[in-house]
Amino acid sequence: MTTPVPVPQSPSVVPQVMAAVAADENGAPITPVNVPRTGAPANPTAAVLAARFGADVLRAEVIWGETTVFVTRDRVHDIVRFLHDEPSERYDYLVDVTAVEYRDGGRPLEVVWHLRALGHRRFLRLKVELPKRGPLWVPSVIDIYSGADWLERECFDMFGIRFEGHPDLRRLLMWEQYKEGHPLRKDFPLRGRFSRAEQLKQALAADPEARYSMEELSIADAFESLPADMKQRIAERAALGDPEESA
C-alpha cells in the first residue's frame, strides 16, 4: 500500500489554495488549460474537506489538474451531503458512480464518485477503498442525488458492491436472474462461468420486463420526481406552445 499523503489540515491554507484556481480578469472561474500531469494546484475543496472532516479525509492526489480525495467509508455519506448542501461548495451534479479493481491483487477495490460544481467550474473525484476480502458495501447517496439510482445499480451489477439504503438495488445491465457473478470483476472469465449452451438457455428463460408494471413506467410519476425548477421550465415551455412539452 502506498504511503498516505495527508491533505493540509489547517484552515489557514485554504486562501493560498484558493488563489491557485483559474479565474478571468474579473475573478470569475474559468476552465484551466495546459494543465501539467502533476504539480497542478489542488481543487480548493480538498483543503475544505480536510479542515472539516479531519482524519476521515485520508489523502488527496492531483493528476492532469483533476483532484481525487480519498475518504473513509464511515463518513462518505456525510461528506457528499456537505459537498451538495454547503453554499460555498455546491456540487450540484453527480456525474457518475463507478468502481475500479486493479490487476494487483493486493490493492483494494475503489468506489468512485464523480462530482461537478457547475457554478464554480470545479470537478472532484471522491474515492473509498474497500479490501477485496472484506464486505463490499458503501452507503447510497440516492437521498442526496436522485440520479444515483441507476448509477448505483450499474455499479452493483458490474462489481457486486452493495449500496446500503438504495430502495431498489437490483441488476441493471444484466437480467435479474443472471447467475454468473459480476462481469467487471478481475476474476470474471472472459467467456463467462457457464458454457455457451447454458448461457443461452438462461437468457431465453429470462423475462426482463417482468418487474416493470405500467405504474413504474408512468410519465406522470416521472414528472413529479423532477426538481421544482425543471418542472417550472417544462410548464413554461408547454405554455408557449412547445410541441415537445405539449405532447
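None of these values were measured; they are calculated from a predicted model.

Looking now at the packing of helix α2 (residues 44–53) against helix α3 (residues 76–85). The N-to-C vectors of α2 and α3 enclose an angle of 125°; their axes lie 12 Å apart at closest approach. The angle between the axes of α2 and α3 places the two elements in the oblique class. Seen along the crossing, α2 lies across α3 with a hand that is right-handed. On α3, the residues touching Thr45, Val48, Leu49, Arg52 and Phe53 of α2 are Asp78, Ile79, Phe82 and Leu83. Here the residues of the contact of α2 with α3 sort into six nonpolar, one polar and two charged.

Structural remark: α-helix, 3.6 residues per turn; residues separated by three or four positions point the same way. End to end, helix α7 (residues 228–239) covers 16 Å across 12 residues, agreeing with the expected 16 Å (1.5 Å per residue, within 8%). Glycine 241 occupies a position one or two residues after α7 and carries a positive phi of about 90°.

With 82% of its residues at a pLDDT of at least 70, the protein chain reaches an overall mean of 83. Counting interchain partners and residues more than four positions distant, the pLDDT-below-50 stretch residues 1–5 has five contacts. Counting contacts from residues 8–20, a segment whose pLDDT is below 50, to residues more than four positions away or on other chains yields 16 contacts.

How each quantity is defined
Residues numbered from 1 in each chain as written. Predicted model: local features only at pLDDT ≥ 70, side-chain atom pairs only at ≥ 80, totals over all residues. Heavy atoms only, no water. Axes fitted to C-alpha atoms, helices over the stretch in contact; angles between N-to-C directions. Helix = DSSP H or I, 4+ residues; strand = E, 2+ residues; numbered from the N terminus. Parallel < 35°, antiparallel > 145°, perpendicular 65-115°, else oblique. Left-handed = near helix turned anticlockwise from the far one by under 90°. Contact = heavy atoms within 4.5 Å. Nonpolar A, V, L, I, M, F, W, Y, C, P; charged D, E, K, R; others polar. Expected span 1.5 Å × (residues − 1). pLDDT = per-residue confidence, 0-100.

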